[in-house]
Amino acid sequence: MVVAAAGRYGLVVVLAWVVFPAAIVLCGEMGLTFQLERAFPTSHGVPLGELRARDRSRHGRFLQQSSLGGVVDFPVEGTYDPFVVGLYFTRVLLGSPPKEFYVQIDTGSDVLWVSCASCNGCPTSSGLQIQLEFFDPSGSPTASPISCSDQKCALGIQSSDSECSNGNQCSYTFQYGDGSGTSGYYVSDLMHFDTIAGNSVTSNSSAKVAFGCSTSQTGDLTKSDRAVDGIFGFGQQGMSVIAQLASQGAIPNAFSHCLKGGNGGGGILVLGQVIHPNIVYTPLVQSQPHYNLNLQSIAVNGQSVPIDSQVFTTSSTRGTIVDSGTTLAYLAEEAYDPFVDAINQIVLQSVRAFVSRGSQCYLVTSTSSVSDIFPKVSLNFAGGASMVLNPQDYLLQQNSINGAAVWCIGFQKIQGQGLTILGDLVLKDKIVVYDLAGQRIGWANYDCSSPVNVSATPSTGKSEYVNAGQIDNNSSSRDDLHSRILVTILVFFLYALVYGEFSVL
């Protein structure tokens, strides 16, 4: 398991949470809703070198750890810009009475944890203009500690994130590659949701979940500029909230996201399976703590790049990981140079290439668009699934020199390592489905400003139409929406009738 402080500093899009109307949840018979928010610190123009450094901190955790039914719809807002340092988080309600906590969302970790009362080193204020809170188990009559004999503690021990050295209390320690860390103990308490049952919205639904109560934080976690109340892991291990809710039948064992690129930003995140005819699937590599895929080859402009397939073989130090907490994209060292050479062979007659701070960049003076100059790239996975990348999916515009645009390859080389990591740069403008029940990941290029269809029960394929943000969180019924649509249609026909009469006159 990889715990996520790095995602805090990884830029991106992966999940652009918002100060916007809450999500709609459809789940066949029932659904759950979270409000999402996004904060933008004031830093701009972050150079690639700094982004790489932040991502490297996260990737150190990958290697460190590798040794070892309702549908929730999140309306994602914000601008995709890899040079704006953003922190992505949502709000969860925990305890009795419910208390609101701001937690970062991270697909590279498993456990939900929040700062606990009397925490040592936990920040007390945040530069994100949010009010930080502390969870107090003694103040919630529904809270109870997780004992060492509890099955949930056993699940945590299996994934190397739990320990039982303090009497009968199940505790944890997460140590990060950048030197930061957190420790505490597990508690069980109610997580509260807004739900949709049939056509009516019902508030105050809840389910018991186990989560971490942080009593100590060190390193970057103690800094107040980007401080939040905790981290919400979206991993697949048994202690993740997704696994817990799915085992209770509260949600399907799947989640999906669709992140908008370009200036519009935003997107959709769904706890459930998005349905689209163009989605292609590839199996997850089994017995891995992260979302590992079997990448077999890379093609540039339809031509296979000469890379030994063994470069992508999954092991304790190698493999291909899908990680929304990583800003850029990374290629195994042996794959990077052949990949760049293949692109250069196609574009060097139209652009001037140069290396800037370790990144392959190009000076584009042509009036042609980048899409006309640069080739498409295909990442080919087991099962015949290909992820087709347009130039904007692997290039980043840095700045301009004398009126000419500077574009750099967003794929970076990890020196001395065999990891390939697919971060937000390549995940945007795609539906990405994490079908945990089927142990596979799928994707399809998509306009993420459009609504999506989701399956409340993936095994039956039953679908509901979801338009993120279309229905207000405080609405009493979806019938209100239907009524507004009918009124609009009626007004249209009345207008047409009146207009027709005036035309006759």
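Residues numbered from 1 in each chain as written. Predicted model: local features only at pLDDT ≥ 70, side-chain atom pairs only at ≥ 80, totals over all residues. Heavy atoms only, no water.

(A) Representation of the nonpolar core in the model. One finds Phe-339 and Phe-374 to be the most contacted residues of the largest nonpolar core, which totals 73 residues. Residues contacting Phe-339, with those up to four places away along its chain left out, are Ile-298, Val-300, Val-305, Leu-331, Val-377, Ile-409 and Phe-411. (Core = buried A, V, L, I, M, F, W, Y, C linked by side-chain atoms within 4.5 Å. Buried < 20%, exposed > 50% of the residue type's maximum accessible area, 1.4 Å probe, protein only. Contact = heavy atoms within 4.5 Å.)

(B) Seen up close, the sheet that holds strand β19 (residues 303-304). Pairing is antiparallel in the open sheet, where 4 strands are placed in the order β19-β18-β24-β25. The open sheet terminates on both sides in strands that have one partner only, identified here as β19 and β25 (386-389). Direction of pairing for strand β18 (residues 295-300) relative to strand β24 (residues 377-381): antiparallel, over a ladder of 5 bridges. Looking at β24, one finds that Ala-299 is bridged to Ser-378. Helix α5 (residues 333-347) contacts β18 and β24 of the sheet and is inclined by roughly 20 degrees relative to β18. (Pairing = 2+ DSSP bridges. Helix = DSSP H or I, 4+ residues; strand = E, 2+ residues; numbered from the N terminus. Axes fitted to C-alpha atoms, helices over the stretch in contact; angles between N-to-C directions.)

(C) Main features of the packing of aromatic side chains. Taken as a whole and assessed by the stated rule, the structure comprises 13 aromatic pairs. Taking 5.2 Å as the distance between ring centres and 80 degrees as the angle between the ring planes, the aromatic pair formed by Phe-135 and Phe-211 counts as edge-to-face. Of the two residues, Phe-135 is situated in the loop between β6 (112-120) and β7 (144-145) and Phe-211 in strand β11 (residues 200-218); the sequence distance between them amounts to 76 residues. Classification of Phe-135 by relative accessible area gives buried; the value is 3%. Assessed through its relative accessible area of 0%, Phe-211 is described here as buried. Aromatic side chains Phe-232 and Phe-234 sit 5.2 Å apart centroid to centroid with 45 degrees between the ring planes, which places their arrangement in the tilted category. Taking relative accessible area as the criterion, Phe-232 reaches 2% and is therefore assigned buried. Aromatic ring contacts, followed pair by pair, group Phe-232, Phe-234, Phe-255, Tyr-291 and Tyr-434 into a single cluster. The ring of Tyr-281 has Arg-440 lying over it, and the distance from NZ or CZ to the ring centre is 3.6 Å. (Phe/Tyr/Trp six-rings, centres within 6.5 Å; stacked < 30°, edge-to-face > 60°. Lys NZ or Arg CZ within 6 Å of the ring centre and 35° of its normal.)

(D) Quick peek at unusual backbone geometry. In this structure, the amide linkage connecting Ser-96 to the following residue, Pro-97, adopts the cis form with an omega of -5 degrees. Assignment of secondary structure puts Pro-97 in the loop between β4 (87-94) and β5 (99-106). A positive phi angle, close to 50 degrees, is found at Asn-402, a residue other than glycine. When you line up the elements, Asn-402 lands in the loop between β26 (395-401) and β27 (404-409). Of note, Asp-429 is a non-glycine position whose phi angle comes to about 60 degrees, a positive value.

(E) Main features of the environment of Gln-273. Along the chain, the position of Gln-273 falls in strand β15 (residues 273-275). Distance in space between the C-alpha atoms of Gln-273 and Ser-256 is 5.9 Å, their sequence separation being 17 residues. Within polar-contact distance, the side chain of Gln-273 engages the side chain of Tyr-281 at 3.0 Å. (Polar contact = N/O pair within 3.5 Å; in protein donor to acceptor, adjacent residues only side chain to side chain.)

(F) A look at the environment of Ser-297. Among the structural elements, Ser-297 can be located in strand β18. Taking relative accessible area as the criterion, Ser-297 reaches 23% and is therefore assigned partly exposed. With 11 residues separating them in the primary sequence, Ser-297 and Asp-308 have C-alpha atoms 8.4 Å apart.

(G) Examining the pairing of strand β12 (residues 230-233) more closely. Neither face of β12 is open: one carries Gly-230 and Phe-232, the other Ile-231 and Gly-233, and all of them are buried. The pairing of β6 with β12 spans 3 bridges and is antiparallel. Pairing of Trp-113 across the sheet is with Ile-231, part of β12.

(H) Layout of the pattern of salt bridges. One pass over the structure, following the stated rule, counts 8 salt bridges. Note that Asp-337 and Lys-413 form a salt bridge whose closest N and O atoms lie 3.4 Å from each other. In this pair, Asp-337 is assigned in helix α5 and Lys-413 in strand β28 (residues 411-414), connecting sequence segments 76 residues apart. Of the residues examined, Lys-413 reaches a relative accessible area of 25% and is grouped as partly exposed. A salt bridge links Asp-393 to Lys-430; the nearest nitrogen and oxygen atoms lie 3.6 Å apart. Here Asp-393 is found in the loop between β25 and β26, whereas its partner Lys-430 is found in strand β30 (residues 430-435), with 37 residues between them in sequence. Each member of the pair, Asp-393 as well as Lys-430, is classed as buried. What emerges from the salt-bridge pattern is a single network uniting Asp-393, Lys-428, Asp-429 and Lys-430. (Salt bridge = Lys/Arg side-chain N within 4 Å of Asp/Glu carboxyl O.)

(I) Local environment of the sheet that holds β27. Overall, antiparallel pairing links the 4 strands, which are arranged β22-β23-β27-β26 in an open sheet. Of all strands in the sheet, those with a lone pairing partner are β22 (352-356) and β26, marking the two edges. Averaged over all pairs of adjacent strands, the angle between their axes in this sheet comes to 30 degrees, without regard to strand direction. Across 4 bridges, the pairing between strand β23 (residues 359-364) and β27 is antiparallel. If you follow Leu-363 over to β27, its bridge partner there is Val-406. Where α5 meets the sheet, its contacts fall on β23 and β27, and the angle it forms with β23 comes to roughly 10 degrees.

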